[in-house]
Amino acid sequence: MFSYEYVTEEQLAGFDKYKYSAVDTNPLSVYVMHPFWNSVVKILPTWLAPNLLTFSGFVLLVLNFCMLAYFDYDFYASGEGYQHVPSWVWVLAGFLNFTAYTLDGVDGKQARRTNSSTPLGELFDHGLDSWACIFFVVTVYSIFGRGAAGVSVFTLFLILWVVLFSFILSHWEKYNTGILFLPWGYDLSQVTISIVYIITSIVGVEAWYGPIILKFQYRDLFTTMILSCAFIITFPVSLYNVFKAYRSGTLKQHSFYEAMLPFISPLMLFGICMLWVCTSQYDVIEKHPRIIYFLVGTAFSNITCKLIVCQMSNTRCQPLSCLLLPLAVGVIFVISGVLQDKEYYLLIILTIVITAAHIHYGVCVVNQLSKHFNICAFSLKKPSTE
């Protein structure tokens, strides 16, 4: 069932030659978080596999997502007149988010400490990070919700896309330059989100109702921070790094089309999902925003994972993802009006199919690379040769 070989022979050969190359210039990361992570990793047992740390952190984010889905499924709980999320949930959410962030920060250090660094570890880490975007963005949305002091579910839908494209931009950069420039926004967002959860547990969601100054509200600050980080820092810096590689003659792709190839599937996914949301007679984004967010985040993660495989193996990125087909067919049904009141069932079916396909892809790739490198994904012991 999980023995299918998604990684080609050419890509396996590329993984054999792969060498990690990353640049982290974020002051918060360099001067605060890395010293903290260096202290944390020293208390971890040396038998603990780095991938186990990575996966544990991801599971904590999924747990946060599920916990807030239970207490605030429709994103109304923070609004006036609704039963608010209990304070202890915000405390736990802050603890789980920061713990997940810490585990994501120490997994690579644990790999170097135990001399177990492999290309699989980096792929596993970044692959789960691509899926984690949906979980922490949607979870923090419950602080403001869709009430009068919050933002609409459609606005959050657009914000989610900004975050997703910000993430894939770093790997597009590496696909073209060979160097992973770690984005500043990630560390800042994770520390801020963890702190905001704890503050919310103390002062309550009501504290975010009022304006900060004049008519500028906390929801506006939340939106402005995300958009500013993306459009003022992440996007310009990424374009500059690629342009600098072009000017120095080190750009890996030799045509504009080849350089922009990784964006074809993400942009098509954006177009398909936007078309669905805007033409839905059922008003699917208003009735089931959480499922739509999850569907989008999962499909985008699958596309991103395949790009990461290509940039790590130094192979050509495929322009189209097979997951676009069922989504496109589904949207055609929506636009045609054939479904009428059955659009919810289409949403559930597509979510199950795409999630299953993504999990199958992830597990098969981990199994294939584990076999190729003769390692156990979640243990430092060598596989049995018997």
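Below or above, wherever it landed, is the structure these notes cover. (Residues numbered from 1 in each chain as written. Predicted model: local features only at pLDDT ≥ 70, side-chain atom pairs only at ≥ 80, totals over all residues. Heavy atoms only, no water.)

**Observations concerning the nonpolar core**
Okay, so step 1: With 113 residues, the main nonpolar core has F157, W161, L269, W276, Y293 and L327 as its most contacted residues.
Okay, so step 2: For this core, the element with the most residues is helix α5 (residues 119-144), which contributes 16 residues.
Okay, so step 3: In contact with W276, not counting residues within four places along its chain, are V284, L295, L327, V331, V334, E343, L346, L347 and L350. (Core = buried A, V, L, I, M, F, W, Y, C linked by side-chain atoms within 4.5 Å. Buried < 20%, exposed > 50% of the residue type's maximum accessible area, 1.4 Å probe, protein only. Helix = DSSP H or I, 4+ residues; strand = E, 2+ residues; numbered from the N terminus. Contact = heavy atoms within 4.5 Å.)

**Focus on the environment of A230**
Okay, so step 1: Here A230 is to be found in helix α8 (residues 218-248).
Okay, so step 2: The exposure class of A230 is buried, given its relative accessible area of 2%.
Okay, so step 3: For the pair formed by A230 and N115, sequence separation is 115 residues and the distance between their alpha carbons is 35 Å.
Okay, so step 4: Those residues in contact with A230, other than ones at most four positions away along the chain, are V162, S166, F235 and P236.

**Quick notes on the packing of aromatic side chains**
Okay, so step 1: All chains considered together, the criterion is met by 35 aromatic pairs.
Okay, so step 2: Look at F36 and F98: their rings are 5.9 Å apart centre to centre, the planes differ by 45 degrees, and that puts the pair in the tilted class. Taken as a pair, F36 in helix α2 (residues 27-41) and F98 in helix α4 (residues 87-113) lie far apart in primary sequence, 62 residues in all.
Okay, so step 3: F36 sits in the partly exposed class, given a relative accessible area of 35%.
Okay, so step 4: Where W172 meets F263, the ring centres are 5.2 Å apart and the plane angle is 35 degrees; that geometry is what we call tilted. One end of the pair, W172, is in helix α6 (residues 153-177); the other, F263, is in the loop between α9 (256-260) and α10 (264-279), and 91 residues separate them in sequence.
Okay, so step 5: An aromatic cluster is built from F154, F157, W161, F165, F270 and F300, whose rings are joined through pairwise contacts.
Okay, so step 6: Taking NZ or CZ as reference, R290 lies 5.2 Å from the ring centre of F65, over its face. (Phe/Tyr/Trp six-rings, centres within 6.5 Å; stacked < 30°, edge-to-face > 60°. Lys NZ or Arg CZ within 6 Å of the ring centre and 35° of its normal.)

**Some words on the packing of α5 against helix α7 (residues 184-203)**
Okay, so step 1: Interhelical geometry of α5 versus α7 gives an angle of 30 degrees and a closest axis separation of 11 Å. Considering the angle they form, α5 stands roughly parallel to α7. For the element pair α5 and α7, the recorded crossing hand is left-handed. Where α5 abuts α7, its residues F136, T139, V140 and I143 lie against Q190, I193, V196, Y197 and T200.
Okay, so step 2: Of the residues belonging to the contact of α5 with α7, the class tally is 6 nonpolar, 3 polar and no charged. (Axes fitted to C-alpha atoms, helices over the stretch in contact; angles between N-to-C directions. Parallel < 35°, antiparallel > 145°, perpendicular 65-115°, else oblique. Left-handed = near helix turned anticlockwise from the far one by under 90°. Nonpolar A, V, L, I, M, F, W, Y, C, P; charged D, E, K, R; others polar.)

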